[in-house]
Amino acid sequence: MGDLQIKKQPKNYDAVVVGSGAGGGMAAYVLAHAGLKVCLLEAGPMFDPKTDSNQLKNPWDSPRRGASTKFRPFGDFDGCYWGWEIDGEPYTQKGDSKWEWWRARMLGGRTNHWGRISLRFGPKDFKRKSIDGLGDDWPIGYEDIKPYYDEIDKLLGVFGTNEGLENDPDGFFLPPPKPRLHELFIKRSATSVGVPVIPARLSILTKQINKERGQCFYCAQCGRSCKVYGDFSSSSCLVIPALKTGNVDLVTNAMAREVLTNKEGLATGVSYINKEDMQEYQVTGKTVVLAASTCETARLLLNSKSQRHPNGLANSSNVVGKYLHDSTGADMGGIIPELFNRKRYNEDGVGGMHVYSPWWLDNKKLDFPRGYHIEYGGGFGMPLYGFNWGIENLNGKYKINGKQKDAGGYGASLKEDYRYFFGAHVGMAGRGEAIAREDSYCEIDPSVVDKYGIPVLRFHTNYTDYEIKQAKHMKETFTEILTAMKAEIMWGNDDGPHNNWGLHNPGNIIHEAGTVRMGNDPKKSPLNKWCQAHDCKNLFCVDGSPFVSQADKNITWTILALSMRTSNHIVDELKKQNI
Amino acid sequence: MDRRKSIKTLLVGGVSASVIVEACNPSDNKTATTEQKAAEAKPSDINRMAEEKEYEKKLMAEKFFTDAEMASITILGDIIIPKDDVSGSASDAKVPDFIEFIVKDMPEHQTPLRGGLRWLDLQCLTRFEKPFKDCSHEQQMQVVDDIAWPKKAKQEMVQGVAFFSLMRNLVATGFYTSPIGVKDVGYIGNAPNQWNGVPADVLKQYNLAYTEKELKECVSF
């Protein structure tokens, strides 16, 4: 290690942005378009969906036929590098905590593969404590963020419909695609048991919105990322356009180590390791904008200790890492006998559901405090690894083309069975709001470092009765909908108190938020209402970390809106020379 | 819908025309050339990060099953998915090659398959004094019939049933994800198109209709 030295970049940027996902991509986009000089650090390699997407590959193009690996937990064609585990980058748990931590390492982060579900938070979602006494209110309300939602709807594109719902606000929507056959079945049965079903709201371009991006061509593969930029990814829609301004220096394979500060306690830049040459670097800027992901941002702050910030940067409140929470999740699925032996046609549609169910009940009448929405799946999908796995549990149960057969089997008769059942499956998933709690947190593990020598995170997270009762309610609702559909439930119906009603481990839904929350009181929150550190005025967080609570909505659209709002604030403050 | 028309529509969309034309290698033209391509399935066919490339290079260099085991896998595969009047067999679809790869990629399948093949050979040795692959077709089918029907199988055959169920599932995965199998099961997709809703005759068959609201609000072509 004799030749190890710290290389300092001479250029002083207006902003050093860490992370190129939704939050960091938006920050780079806004700052660069305002003429500011930006250095964007990304821990993974370059990725441009135009050239790097696995879109339109066939199942046999993958030797494992699309099965998952540790490199791509969502399958071999998926558009996200890494996931639940990364070689040489461990994390640990405290007690019986079972946090699952997804980490993307690539330009654009997780947005290359996300579900594109783009839901605005509603007015109630910012003021939950005032409603049910739990958690905290945000320091801002819907009216503060609405103009930014409006702007990103138009800038990035989202389809949906204006339904006039109180807590699922209207927006500027492109037309949604028509429901698929199983979605019409779902709509009929769900509506019959009192669950509303409305067009989904996904950031996919059913109409062209600008010359840089193409229109959706209905291959159902948004998860692989889109070669024509027909859906929203931070890589395609924010970072690559930002690079074109000439104002952004992108450094890929740059793993941030800590935020640097001066004697006055202000941020001066970021130190990072370049994963290609394994050398140490420092880059300086007038402001530092963190968007490394909810938990990585907390890790960076906690690892940035100095005389002025002995407890980690922006952490005089001792709150950094706390209030970590993910969406709740529980699922169920089955098969619809009425759809056996279906006529074949191309029903790929967009990459995801065409309809969904927003939260429809009043928690005052329920035994848990927050709601959930329901996502739906089913129909003809591209056959991939695991295609009709376990047919021996299915083909003895139903008459196939009029004939009762024994379970299992082989031969031409078995081939007939596979054809008969294709396209009859249906599934649903509840995604709900957990309560952000102080004792659900991540912290620095005192004795473990990753392969770069950076201290790692240790998690302490669990669920309470609130979330478990919500999962139970999800399962009851799913059973009602599937029963009304005359579907046979095949999975997700063996739950009970023994497994928290099928509630997924926290982190598993990959909507984690809350570790560096906003608030007006510097003693209770690291960030102010501009996502600006109370303790360090030129430091900002623009990923999921500033969230006070995360609603029963997927958080990306709100990350984007908040990041745009904060980035505009940074531009103003720099102009006024306040920072 | 006419594919050339759909591509043209996309071109009007303006972006990355060459990418799309190159990418939408249409599924019904995927015959000999794509099957050859499948046979040679190289990791480089799809996007890979550096760590994945290294891992797959290592897998490709390994050999797990012996030639004798591969012979048994091939016979079993073609019993499970034979040629019929719709499509070819498991071996036509190169399913044995897929199984050789997948056990290297998913080591949890190695012992159940290797042990299961040994169980099968021992059954055959006891009954017919030959390993499975050297038995006559009738003899092979006698043993297969003892393990292919989970609800009817005798208690002493349960290990064989578990093995055969795993083989059935792996062979089906390999077959229905091959060009022959995708066509057989009738998956029509993975190509640029315009989703205009459920076809009218299908809506009628299930007594369904789009609402006026849907017809008004949704994208139509």
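## Some details on the sheet that holds strand β9 (residues 328-335) of chain A
Residue and element names in this part refer to chain A.
Phase 1: Taking strand neighbours across the sheet as the criterion, the six strands line up as β4-β10-β11-β12-β9-β15 in an open arrangement whose pairing is antiparallel. What marks the edges here is a single partner per strand, and that holds for β4 (198-199) and β15 (488-491).
Phase 2: On top of the sheet, helix α9 (residues 465-484) reaches β9, β11 (372-378), β12 (425-432) and β15; it is set at about 20° to β9, its chief contact.

## A look at the environment of D184 of chain B
Phase 1: With respect to the helices and strands, the residue D184 of chain B is situated in helix α10 (residues 179-185).
Phase 2: With 22 C-beta atoms packed within 10 Å, D184 of chain B lands in the buried category.
Phase 3: Separated by 80 residues in the primary sequence, D184 of chain B and K104 of chain B have C-alpha atoms spaced 28 Å apart.
Phase 4: The contacts of D184 of chain B, once residues within four sequence positions are left out, are K415 of chain A together with V86 and S87 of chain B.

## Considering unusual backbone geometry
Phase 1: Although it is not a glycine, R116 of chain A sits at a positive phi angle of roughly 60°.
Phase 2: Mapping R116 of chain A onto the fold places it in the loop between β3 (92-93) and α3 (128-132).
Phase 3: By the C-beta count within 10 Å, which is 25 here, R116 of chain A ends up buried.
Phase 4: Even without being a glycine, N190 of chain B presents a positive backbone phi close to 60°.
Phase 5: Along the chain, N190 of chain B falls in the loop between α10 and α11 (200-205).
Phase 6: Residue class for N190 of chain B comes out buried when judged on the 23 C-beta atoms lying within 10 Å of it.

## A closer look at the nonpolar core
Generally speaking, nonpolar side chains in soluble globular proteins are found buried as a group.
Phase 1: Membership of the largest hydrophobic core comes to 204 residues, with the highest contact counts inside it found for V16, V17, V18, A28, V38, L41 and V270 of chain A.
Phase 2: The element best represented in this core is helix α9 (residues 158-176) of chain B, accounting for nine residues.

## Quick look at the interface of chain A and chain B
Phase 1: Each partner contributes residues to the interface: chain A has 74 residues there, and chain B has 67 residues.
Phase 2: Counting residues per element, the ones that place at least two in the side of chain A that touches chain B are α2 (49-52), α5 (181-192) and α8 (411-421) of chain A.
Phase 3: The dominant element in the side of chain A that touches chain B, judged by the number of residues it contributes, is α8 of chain A, at six residues.
Phase 4: Residues of the side of chain A that touches chain B, tallied by class, amount to 34 nonpolar, 19 polar and 21 charged.

## With respect to the sheet that holds β3 of chain A
Two strands in a sheet stick together by hydrogen bonds in their backbones, pointing the same way (parallel) or opposite ways (antiparallel).
Residues and elements named next belong to chain A.
Phase 1: Ordered in space as β3-β14-β13, the three strands form an open sheet in which the pairing is mixed. If you trace the sheet from one side to the other, it starts and ends with β3 and β13 (441-449), each paired once.
Phase 2: Pairing of β3 with strand β14 (residues 455-460), which is carried by two bridges, proceeds in the parallel orientation. Counterpart to T92 in the pairing with β14 is R458.
Phase 3: The sheet strands contacting helix α7 (residues 294-302) are β13 and β14, and the helix crosses β13 at an angle near 60°.

## Quick notes on α8 of chain A
Phase 1: Of the residues making up α8 of chain A, those classed as buried are L414, K415, D417, Y418, R419 and F421 of chain A.
Phase 2: The elements touched by buried residues of α8 of chain A are β9 of chain A together with α5 (67-80), α9 and α10 of chain B.
Phase 3: A positive backbone phi angle near 90° is found at G423 of chain A, which sits one or two residues after α8 of chain A.

How each quantity is defined
- Residues numbered from 1 in each chain as written.
- Chains lettered and ligands numbered in written order.
- Predicted model: local features only at pLDDT ≥ 70, side-chain atom pairs only at ≥ 80, totals over all residues.
- Pairing = 2+ DSSP bridges.
- Helix = DSSP H or I, 4+ residues; strand = E, 2+ residues; numbered from the N terminus.
- Contact = placed C-beta atoms within 7 Å.
- Axes fitted to C-alpha atoms, helices over the stretch in contact; angles between N-to-C directions.
- Buried ≥ 20, exposed ≤ 12 C-beta atoms within 10 Å, placed from the backbone.
- Core = buried A, V, L, I, M, F, W, Y, C linked by C-beta atoms within 7 Å.
- Nonpolar A, V, L, I, M, F, W, Y, C, P; charged D, E, K, R; others polar.

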